[in-house]
Amino acid sequence: MYKRFSPHNHTDKGSNLRILDSINKIESLVEYGVKIGLAGLAITDHECLSQSIQVCKLQDKYPDFKIAIGNEIYLVDNREKGIAFPHFILIAKDAIGHRQLKELSSIAWMNSYYDRGLERVPTTKADLKRIVKMNPGHLIATTACIGGELSRNILAMEDARKVGDKNEEVKSYNNIVNFMQYCIDLFGEDFYVEIAPGASKEQIIANNKLVQIASVFKV
């Protein structure tokens, strides 16, 4: 019987730098995780690692409860204005993975730019691949929420299918295949498909397809 580990969590300090996203206080989040019997959880604030020191302090306080340092990055092909900024989860497995998170975050912030009234801090797929490939096996990755590239393409494919746009349907399908192959090549067995709880029509559509895709790719 495996205990559940929660890989995607936000805090009031880390995830509110640019947008208001969370009211969770990290201490309360960890205490609640312990209370409900989780094996542990990861702090994955939006392109922010500022809670790392607090994570280490809480880990000393709860030695039997694993608290991981992670980051919800915005993973893009190129840094351009007007593009989407799909979410992607990275979690450090060890100290090397933590250094990789810090390097990736530094690159993202040093190359930040303003687009549509907000400071954007994306990570390019090329930068992620370069840093991981130099020393692989130290990061866990997940496809993130419905704002991730995988779910976005699932919904785009479904919309195209409904209106009979075969070209867009094939384009989204190919995007899904290419994205999965990129992630599997980069992270191997440390790559996971994330399914989020939710009752919205879009989330249900995405979840059903995510299960199928995970099965096909044996992820």
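Please refer to the structure placed before this passage.
I will try to describe carefully the structure that is included in this document. Every chain is numbered independently, its residues counted from 1 as its sequence is written. Where totals are concerned, whole chains, interfaces and linings use all residues; where local detail is concerned, this predicted model gives features only for residues with pLDDT of at least 70, and gives and counts side-chain atom pairs only at 80 or more. Side-chain calculation: all heavy atoms of the structure are included, whereas hydrogens and water are not.

1. Remarks on the overall build of the protein
Move 1: Secondary structure assignment for the protein yields seven helices and nine strands.
Move 2: The quantity called the radius of gyration is restricted to C-alpha atoms. Its globule counterpart is 2.2 Å times the number of residues to the power 0.38. What you see for the protein is a C-alpha radius of gyration of 17 Å, in line with the 17 Å of a compact globule of 219 residues.
Move 3: The principal-axis extent of the C-alpha atoms belonging to the protein is close to 55 × 45 × 35 Å.
Move 4: By the convention used here, residues are in contact when the closest approach between their heavy atoms is within 4.5 Å. Sequence separation of 24 or more characterises 72% of the internal contacts of the protein that already satisfy a separation of 6 or more.
Move 5: Total accessible area on the protein stands at roughly 11,700 Å², and carbon and sulfur atoms take up 54% of it.
Move 6: His residues and chain termini do not enter the charge count, which takes Lys and Arg as positive and Asp and Glu as negative. Charged side chains are reduced to one point each, which is NZ for Lys, CZ for Arg, CG for Asp and CD for Glu. Here the protein holds 28 positive side-chain charges and 27 negative ones, and the gap between their average locations is 1 Å. Strands here are runs of E lasting at least two residues and helices are runs of H or I lasting at least four, both read from the DSSP assignment and numbered beginning at the N terminus. For the area figures, the Shrake-Rupley method with a 1.4 Å probe applies, and any residue is considered shielded solely by the protein chains shown.

2. Things to note about helix α1 (residues 26-35)
Move 1: Burial classification: accessible surface area is computed with a 1.4 Å probe over protein chains only, and a residue below 20% of its type maximum counts as buried, one above 50% as exposed, and the rest as partly exposed. Burial in α1 covers these residues: I26, L29, V30 and G33. The buried residues of α1 occupy an angular sector of 95° when projected down its axis, which confines them to one face. In α1, those exposed residues whose orientation departs by more than 90 degrees from the buried face are Y32 and K35.
Move 2: Check the buried side of α1 and you find it contacts β2 (40-43), α2 (52-61) and β3 (66-76).
Move 3: Directly beyond the C-terminal end of α1, a positive phi value near 90° is found at G37. The arc in question is traced by the directions running from the helix axis to the C-beta atoms.

3. Focus on the packing of helix α5 (residues 149-163) against helix α6 (residues 166-187)
Move 1: The N-to-C vectors of α5 and α6 enclose an angle of 160°; their axes lie 8 Å apart at closest approach. One finds that α5 runs roughly antiparallel with respect to α6. Crossing angle aside, the handedness with which α5 passes α6 is left-handed. From α5, E149, L150, N153, I154, A156, M157, A160 and R161 reach across to α6, where they touch E168, E169, S172, Y173, N175, I176, F179 and M180.
Move 2: In the scheme used here, Gly and all other residues not listed as nonpolar or charged are polar, with Ala, Val, Leu, Ile, Met, Phe, Trp, Tyr, Cys and Pro taken as nonpolar and Asp, Glu, Lys and Arg as charged. For the contact of α5 with α6, the residue count by class is nine nonpolar, three polar and four charged. All axes here are fitted lines through C-alpha atoms, helices being fitted over the stretch that makes contact, and every angle between N-to-C directions spans 0 to 180 degrees. Orientation labels follow simple angle bins: below 35 degrees gives roughly parallel, above 145 gives roughly antiparallel, 65 to 115 gives roughly perpendicular, and whatever is left gives oblique. Crossings are classed by handedness, with left-handed meaning an anticlockwise turn of the near helix from the far one by less than a right angle and right-handed meaning a clockwise turn.

4. With respect to unusual backbone geometry
Move 1: In this model, R116 sits at a positive phi of 55°, which is unusual for a non-glycine residue.
Move 2: Within the element layout of this structure, R116 appears in the loop between β5 (113-115) and β6 (118-120).
Move 3: You can call R116 exposed: its relative accessible area is 53%.

5. Observations concerning the pairing of strand β8 (residues 139-142)
Move 1: Strand direction decides the pairing type here: strand β4 (residues 87-92) and β8, joined by four bridges, are antiparallel. If you follow I89 over to β8, its bridge partner there is T142.
Move 2: The pairing of β8 with strand β9 (residues 191-192) spans two bridges and is parallel. Across the sheet, residue T142 finds its bridge partner in β9, namely Y192. One requirement defines pairing of two strands: DSSP has to find at least two bridges between them.

6. Some details on the nonpolar core
Move 1: V30, I67, F88, L90, L128, L150 and F187 are the most contacted members of the largest nonpolar core, which has 42 residues in total.
Move 2: Considering every element that reaches this core, the biggest residue donor is α6, with seven residues.
Move 3: Look past the residues within four positions of V30 in its chain and what remains in contact with it is L41, L58, Y62, F65 and I67.
Move 4: Listed in part, the six residues of the second largest apolar core include V76, A108, Y113 and V121. The criterion is simple. A nonpolar core is a set of buried Ala, Val, Leu, Ile, Met, Phe, Trp, Tyr and Cys residues joined through side-chain atoms within 4.5 Å.

7. Observations regarding the pattern of salt bridges
Move 1: For salt bridges, the criterion is a side-chain nitrogen of Lys or Arg within 4 Å of an Asp or Glu carboxyl oxygen. For the coordinates displayed, the defined rule picks out 10 salt bridges.
Move 2: Its salt-bridge partner being E169, residue K166 comes within 4.0 Å of it at the nearest N-O pair. Separated by three residues within a single helix, K166 and E169 lie in helix α6, roughly one turn from each other.
Move 3: On the basis of relative accessibility, which here comes to 55%, the residue K166 falls in the exposed class.
Move 4: Several salt bridges share partner residues, and in doing so they unite D77, K125 and E149 into one network.

No statement about biological role is implied by the geometric values presented.
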